[in-house]
Amino acid sequence: MNNIRIALREVIPNRLRTTYRNQWPNLTQSRFYPRATSFPDYFQNPIFRKEDQAKLIENNELTKLAAVPVKPPAAYETSSVYHDVLVDKVINHVMKMGNKQLARSLVEKAFENIKRKQIERYHLASTPEDKAKILLNPKDVLHRAVENCKPLLQLLPIKRGGITYQVPGPITEKRSLFLAVKWLLDASNDKERTVHFPEQFAWELLDAANNTGKVVKRKQDLHRLCEANRAYAHYRWQ
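Residues numbered from 1 in each chain as written. Predicted model: local features only at pLDDT ≥ 70, side-chain atom pairs only at ≥ 80, totals over all residues. Heavy atoms only, no water.

K.L.:
Before we go on, may I ask you to explain the overall build of the protein in this structure?
P.N.:
When its secondary structure is counted, the protein shows 9 helices and 2 strands. Of all intrachain contacts in the protein linking residues separated by at least 6 positions in sequence, the fraction that spans at least 24 positions is 62%. Taken as a whole, the protein presents about 15700 Å² of accessible surface, with 54% of it coming from carbon and sulfur. (Helix = DSSP H or I, 4+ residues; strand = E, 2+ residues; numbered from the N terminus. Contact = heavy atoms within 4.5 Å. Areas by Shrake-Rupley, 256 points an atom, 1.4 Å probe, with all protein chains shown as cover.)

What follows is the structure, encoded as structure tokens:
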């Protein structure tokens, strides 16, 4: 009996993941249940973001979903204008040992440092063109930094004839987003003892938003390595 329960726990979440990926490809708001739920497989996850609802209205797909049963939204899923999916994802990556309140306070302090530095740069700028280039919203800085840090290729270890080759290949959007956030946090943690995490994280985000810094260099090194190993690209199909 226990073996049957373990098998069900392993099979049902995978089936839910496959169904969700095929029908709702929005990666930043994906929600997977860690174990079997009382909802059948044909129940869809809720679309709670107003931007996604507007896209459905423009594509005339909202009427198709009118009769589709929907699962109830989670506690953190809201359509508030202050809700940002990427910020929540970064907070979850910063969180350790389930202390989410501490992780949220660290990210908010980093945003406060970004706001102070950007306002200082804004007042020091001499021309209106230079002032227009400065992002004053910390969330916009985060989005641009993550976008600049996303890799476009990855190296896959493939073994052929007893030799393991590092084969370049395309990377999925979900994996690219994960690596961008992970590299930013790794660069923030690799600091001196006297520098606190919010200050270092703010500097890393500002550097990445300007397309400079250690994380952008790490992405470029990965692309350069993929370019050097392009002779092994044919191993992906063998």
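Having put the structure on the table, let's press on.
K.L.:
Please clarify how the side chain of Q118 should be interpreted in this entry.
P.N.:
Secondary-structure assignment places Q118 in helix α4 (residues 100-124). The exposure class of Q118 is buried, given its relative accessible area of 6%. (Buried < 20%, exposed > 50% of the residue type's maximum accessible area, 1.4 Å probe, protein only.)

K.L.:
What's the story with the nonpolar core in this structure? I'm lost.
P.N.:
Generally speaking, soluble globular proteins have nonpolar side chains that are buried together. The biggest cluster of nonpolar side chains holds 37 residues, and the ones touching the most others in it are L142, L184, F201 and L205. Breaking this core down by element, the ones donating at least two residues are α3 (85-94), α4, α6 (138-149), α7 (173-189), α8 (197-209) and α9 (214-228). Those residues in contact with F201, other than ones at most four positions away along the chain, are V90, A110, L184, L185 and S188. (Core = buried A, V, L, I, M, F, W, Y, C linked by side-chain atoms within 4.5 Å.)

K.L.:
Just checking my understanding: could you explain the confidence of the model for the protein for this structure?
P.N.:
Confidence in the prediction of the protein, expressed as mean pLDDT, is 84, and 84% of residues score 70 or more. Of the regions scoring below 50 in pLDDT, residues 4-30 engages in 35 contacts with residues more than four places distant in sequence or in other chains. (pLDDT = per-residue confidence, 0-100.)

K.L.:
Would you explain the packing of aromatic side chains in this entry?
P.N.:
Any aromatic ring pair is given by two values, namely how distant the centres are and how the planes are angled relative to each other. For the coordinates displayed, the defined rule picks out 6 aromatic pairs. Taken together, a centroid distance of 5.3 Å and an interplanar angle of 40° make the contact between Y42 and F43 tilted. Taken together through their ring pairs, the aromatic side chains of F39, Y42 and F43 make up a single cluster. The residue whose ring lies beneath K131 is Y122, and the NZ or CZ to ring-centre distance is 5.4 Å. (Phe/Tyr/Trp six-rings, centres within 6.5 Å; stacked < 30°, edge-to-face > 60°. Lys NZ or Arg CZ within 6 Å of the ring centre and 35° of its normal.)

K.L.:
Please explain the side chain of E204 as it appears in this structure.
P.N.:
Here E204 shows up in helix α8. Taking the relative accessible area as the measure of exposure, E204 reaches 5% and is therefore buried. When neighbours within four sequence positions are excluded, E204 is seen to be in contact with L184, A187, S188, K214 and V215.

K.L.:
Would you mind going over the environment of R104 with me for this structure?
P.N.:
Mapped onto the elements of the fold, R104 is located in helix α4. Judged by relative accessible area, R104 falls into the partly exposed class, the value being 36%. R104 sits 10 residues away from V94 along the chain, and the two C-alpha atoms are 8.3 Å apart.

K.L.:
Is there a simple way to think about the pattern of salt bridges in this case?
P.N.:
On inspection of all chains with the given rule, the structure shows 9 salt bridges. The network of salt bridges with shared partners includes E147, K150 and E173. (Salt bridge = Lys/Arg side-chain N within 4 Å of Asp/Glu carboxyl O.)

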